[in-house]
Protein chains: 2
Amino acid sequence: MRILFKNAEVLRKGRKNVVVEGEYIRKICDTDISDTSGFDRVIDCSKKLLMPGLYNCHTHAAMTLFRGYGEDMPLDRWLHEKIFPAEELLTNESVYTASLYACAEMIRGGIVSFTDMYEKCGETCKAVAMTGMKANISRSVLSFDKKEDMSTSFRLNESKSLFREWHNAEHGRIKIDMSVHAEYTNNENSCRATAAFAVENGTHMHIHLSETQSEHEECKKRNNGRTPAEFMRDCGIFDVPATAAHCVYVTDSDMDLMHEKGVFAAHNPTSNLKLGSGIMRTSEMLKRGVGIVLGTDGAASNNTLNIFKEMHLAAVLDKGATRDPGGHNAYEFVRMATENGAASQGRTDCGIIEEGKKADIILVDLDSINNIPMYDPCYTAVYSASAGDVSLTMCDGRILYENGEFLTVDIEKLKSDMRHTCENYFKENK
Amino acid sequence: MRILFKNAEVLRKGRKNVVVEGEYIRKICDTDISDTSGFDRVIDCSKKLLMPGLYNCHTHAAMTLFRGYGEDMPLDRWLHEKIFPAEELLTNESVYTASLYACAEMIRGGIVSFTDMYEKCGETCKAVAMTGMKANISRSVLSFDKKEDMSTSFRLNESKSLFREWHNAEHGRIKIDMSVHAEYTNNENSCRATAAFAVENGTHMHIHLSETQSEHEECKKRNNGRTPAEFMRDCGIFDVPATAAHCVYVTDSDMDLMHEKGVFAAHNPTSNLKLGSGIMRTSEMLKRGVGIVLGTDGAASNNTLNIFKEMHLAAVLDKGATRDPGGHNAYEFVRMATENGAASQGRTDCGIIEEGKKADIILVDLDSINNIPMYDPCYTAVYSASAGDVSLTMCDGRILYENGEFLTVDIEKLKSDMRHTCENYFKENK
């Protein structure tokens, strides 16, 4: 399959023609290609911005089930009265439907890959395989008993089985990471066992880190003054490439530690505001060389899986928090959502529009009313564009969404399935 | 014209039929209306949320010209190198085109009315008249010379002429407010003269108030310790109903003063973050009984005219800033964007879906992928919905936008005009 994106405004490159052949970007050129007979498709991009597909680097896809279920509540009541009881009722079927739905929502908004942490993850893998997206998926280990025998821990064993069954499936589009949920839901024993498997098998690691102030402070009390980042380092969690979600309360020296260990901070600005956690110190992290990626968190705490929204919020929130409108260039935030996202997932062949890279490409409608005028495409992408402006999403050279049509899922059936799943789910839950 | 909105999910009322007759909401009922022969149109709303049209209570419509023009710069360089020189070149034609464009963008996103402060305001009035929206428009007075003779001030005189020509035009859809730009751009003399005209003619007042810390502190130095709010009160600015934009640095006692005088605070969360100003203390204001409305500010500092975005950001930002996810119910933020907006503009006959009120109605697509599942329409409206989900915007019973079509503007011509205006504008500016 050869596709020509003709006369596109390519982010940071100007007007170009982009040739996709099979899974790859084959050529990016200025010259007008007048003979188009060798192409299976020519896509007119005269009013389109062509940019890399987006990465959602911290989410719980199946939590689309709980979008808008219980809001405006204090965190502990929300968790104990709403989310935990609801999660008790998860079935393979509901996780599959909700994960597939999450994939469709992400594809619609230009996301080509996500980093997920949840349970019943085989169902999420099936959904990803079905849709043609990419994902790094992990089953989070929790262990509340310090003396738990980790060789028989069902969570860690699920995690290992998941790895054996799904790692590198779908031509590498699916990767399985290891995960410990967080310091406050684990102990040295469970963290060391999980890290050991990760090191042995060369997987990535996905954790929650210093999301709330109380979590951060309680950890220090429990661990002779060590912060969650220090605790995780000491357990070997950062001996493999890791993504640490939230990082709202990491200290300056935690940041230096993250930089030294190459740990990516997954910034979830909407979720951190909505759950009353606080504001991650983006500027300080950038100054200290920490790699930042963006995440939506689950739909229960966002409530959408929209990386355009997070990119915009991350950019303006950092200016607001530092009282510095100069601050970082808009491209810094595009980088978080693209190049850095791919790097954090261990994908070296994508995340950027370059010859020889995988064709993970989105088109953004520059004729959308909020995108006129355009003085600089980068400002348009970060400050004006919305997920709804995405007119095409391509992953590994395959078009997954175009102009209202989903090419890999039956969206009308899926919406109907999702509505029924949610309705029945909470009937059983009452 | 009789229109039936059939089987709509009406915000806070449940499934209803809504009958619009002429300019008014005539009937809201449960019973199925089987005989639809008396209606000119029946709109199937089975997958729609019906809610009041939104109010954008602080903007500079014509600044769509400068959307994305100069970004990521310190505030003073942005103003002095970019915005002020660009504004020197404003013409009637460019203000008209950019205002009309702003109206179209607002209508697309469910906004029925806005509160504007700028110059060459007659052009903005013409644009509003053309589109069928509502607006409170003001020409901001600035006076840097304390001894300026206000009877010959061209800005105040423009303001008075505007009032005479346009106040209550278009069946009251257009109202002219008086405006002093801010304390730091005025003096007691100019404020008193503007207030006097407002009192005499019963207009509303629109000002900028305590947007930045330096503005707030400098005012106190200049005025024997008086805050901008105290200064404005002493000049009589709050002797008429007033809207004060930003209010990031108002003190607790300023809030009490605003409550006592019935001054609405126009909260512009995106602009305040993006310009590095800070975060308005929403919760404290609500506690002290200050009426809050929402604004986008101009497109140069936002960069979109999207009240769904501001409603969402206002809600999550307050939770984040107070570290309290419980905080205020989502409806509090819908109220800011609807009921309060109408009240701040002195419009007592709209802003709410009730029999006998003006038919300012929008439909939000509940079949949009980010709006499924829906457990509570209010949460959907605030936390999930986007401006792009608006499928119909009606103002005073007249449909201005429906399913991609603009009924009062030629949108393709307008986009083309806007692109040309912006291209030529900056050619001349270089």
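Scroll up to find the structure.
An account of the accompanying structure is given in this report. (Residues numbered from 1 in each chain as written. Chains lettered and ligands numbered in written order. Predicted model: local features only at pLDDT ≥ 70, side-chain atom pairs only at ≥ 80, totals over all residues. Heavy atoms only, no water.)

## Brief notes about the overall build of chain A
We count it as follows: Helix and strand labels come from DSSP, where a helix needs a run of H or I of at least four residues and a strand needs a run of E of at least two; each type is numbered from the N terminus. Only C-alpha atoms enter the radius of gyration, while the globule expectation follows 2.2 Å times N to the 0.38, with N the number of residues. Relative accessible area decides the class of each residue, using a 1.4 Å probe on protein chains only: under 20% of the type maximum gives buried, over 50% gives exposed, and in between gives partly exposed.
Scanning chain A for helices and strands turns up 15 helices and 17 strands. Its C-alpha atoms give chain A a radius of gyration of 21 Å, within 12% of the compact-globule value 22 Å for 430 residues. By principal-axis analysis of the C-alpha atoms, chain A measures approximately 70 × 50 × 45 Å. Buried residues in chain A amount to 65% of all 430 residues.

## Quick notes on unusual backbone geometry
The peptide bond linking Asn302(A) to Asn303(A) adopts the cis configuration, its omega dihedral lying at 20 degrees. One can find Asn303(A) in the loop between strand S13 (292–294) and helix H11 (307–322). One non-glycine residue, His171(A), adopts positive backbone phi at about 55 degrees. By the secondary structure assignment, His171(A) is in the loop between helix H4 (154–166) and strand S9 (174–176). Owing to a relative accessible area of 74%, His171(A) belongs among the exposed residues under this scheme. Positive phi, normally seen in glycine, also occurs at Lys120(B), with a value near 50 degrees. For Lys120(B), the location among the structural elements is in the loop between strand S7 (111–118) and helix H3 (121–131). According to the relative accessible area criterion, Lys120(B) is partly exposed, its value standing at 28%.

## Considerations on the packing of aromatic side chains
The relative placement of two aromatic rings is captured by the distance of their centres and the angle of their planes. Rules: For Phe, Tyr and Trp, rings pair up if their centres lie within 6.5 Å, where Trp contributes its six-membered ring, and each pair is then called stacked (planes under 30 degrees apart), edge-to-face (over 60) or tilted (otherwise).
For the structure shown, the criterion picks out 12 aromatic pairs over all chains. A centroid spacing of 6.4 Å and a plane angle of 40 degrees characterise the contact between Phe66(B) and Tyr69(B), whose relative ring orientation is tilted. Per residue, the accessibility class of Phe66(B) equals that of Tyr69(B), and both read buried. An aromatic cluster is built from Phe66(A), Tyr69(A), Tyr425(A) and Tyr375(B), whose rings are joined through pairwise contacts.

## So, the pairing of strand S16 (residues 390–395) of chain B
Residue and element names in this part refer to chain B. Going by this rule: At least two bridges found by DSSP between two strands is the condition for calling them paired.
Across the 6 residues that make up S16, a large majority, 6, are buried. Summarising the sheet, S16 and strand S17 (residues 398–402) pair through 4 bridges and their orientation is antiparallel. In the strand pairing of S17, Cys-395 is matched with Arg-398. As consecutive antiparallel partners, S16 and S17 are separated by 2 residues, and within that stretch Asp-396 has a phi angle of approximately 50 degrees, a positive value.

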